[in-house]
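Chain by chain, the residues:
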Amino acid sequence: QVQLVESGGGMVQAGGSLRLSCAASGRTFSSYTMGWFRQAPGKEREFVAAISWTTYYTDSVKGRFTISRDNAKNTVNLQMNSLKPEDTAVYYCAAARYASSASAAASYDYWGQGTQVTVSS
């Protein structure tokens, strides 16, 4: 069993930055693919970024967001720069034991409770 707790959300103006963190329990954290997803009001949950032995990003965040992990601390981070109003959403951290597709929500076994990110124009 893995428990995930996100932190770092908040409100920022367009062009600003936020850093999300996800703390994970469990002794095998390093073997999991870790992902970030987001869900805006009235929209489906969408993939943002993931990290295993490499990194994956959705096109809309490439060059602005950076995902990283610290296996010693069981944490995964999402550095978000040049934020836009369309980045406003609840952001979820997720963990997958065996990710057949890093961008597919169905690949992930565990989810955090989410953290709100609001970008004002």
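Residues numbered from 1 in each chain as written. Predicted model: local features only at pLDDT ≥ 70, side-chain atom pairs only at ≥ 80, totals over all residues. Heavy atoms only, no water.

Chemist: Account for the sheet that holds strand 8 (residues 75-80), naming residues and giving values.
Modeler: The strand order across the open sheet built from four strands is 1-3-8-7, with neighbouring strands paired in antiparallel fashion. In this open sheet, the two edge strands, each paired with only one partner strand, are strand 1 (4-7) and strand 7 (65-70). Neighbour to neighbour, the strand axes of the sheet diverge by 15° on average, direction disregarded. Pairing of strand 7 with strand 8, which is carried by six bridges, proceeds in the antiparallel orientation. Looking at the pairing, Asp-70 lines up with Thr-75 of strand 8. (Pairing = 2+ DSSP bridges. Helix = DSSP H or I, 4+ residues; strand = E, 2+ residues; numbered from the N terminus. Axes fitted to C-alpha atoms, helices over the stretch in contact; angles between N-to-C directions.)

Chemist: Quick rundown of the side chain of Arg-69? Include the residues and the values.
Modeler: Relative to the helices and strands, Arg-69 is located in strand 7. Buried and unpaired, Arg-69 has no salt bridge, with Asp-70 as the nearest side chain of opposite charge at 8.4 Å. Within the structure, Arg-69 has its side chain in polar contact with the backbone oxygen of Phe-29 (distance 2.9 Å). At a separation of 2.9 Å, a polar atom in the side chain of Arg-69 contacts the main-chain carbonyl oxygen of Tyr-32. Sequence-distant contacts of Arg-69, that is, excluding residues within four places in its chain, are made with Phe-29, Ser-30, Tyr-32, Met-34, Ile-51, Ser-52, Thr-75 and Val-76. (Buried < 20%, exposed > 50% of the residue type's maximum accessible area, 1.4 Å probe, protein only. Lys, Arg positive; Asp, Glu negative; His and termini not counted. Salt bridge = Lys/Arg side-chain N within 4 Å of Asp/Glu carboxyl O. Polar contact = N/O pair within 3.5 Å; in protein donor to acceptor, adjacent residues only side chain to side chain. Contact = heavy atoms within 4.5 Å.)

Chemist: Residue-level account of the packing of aromatic side chains, with values.
Modeler: In the structure shown here, the tally under the stated rule is five aromatic pairs. Measuring from ring centre to ring centre gives 6.3 Å for Tyr-32 and Tyr-110, while their planes differ by 55°; the resulting arrangement is tilted. A residue pair is termed long-range when its members are at least 10 positions apart, and Tyr-32 in the loop between strand 3 (18-24) and strand 4 (33-39) and Tyr-110 in strand 10 (residues 110-111) qualify at 78 residues. Each member of the pair, Tyr-32 as well as Tyr-110, carries the same accessibility label: buried. What links up through ring pairs into an aromatic cluster is the set Phe-37, Phe-47, Tyr-108 and Trp-111. (Phe/Tyr/Trp six-rings, centres within 6.5 Å; stacked < 30°, edge-to-face > 60°.)

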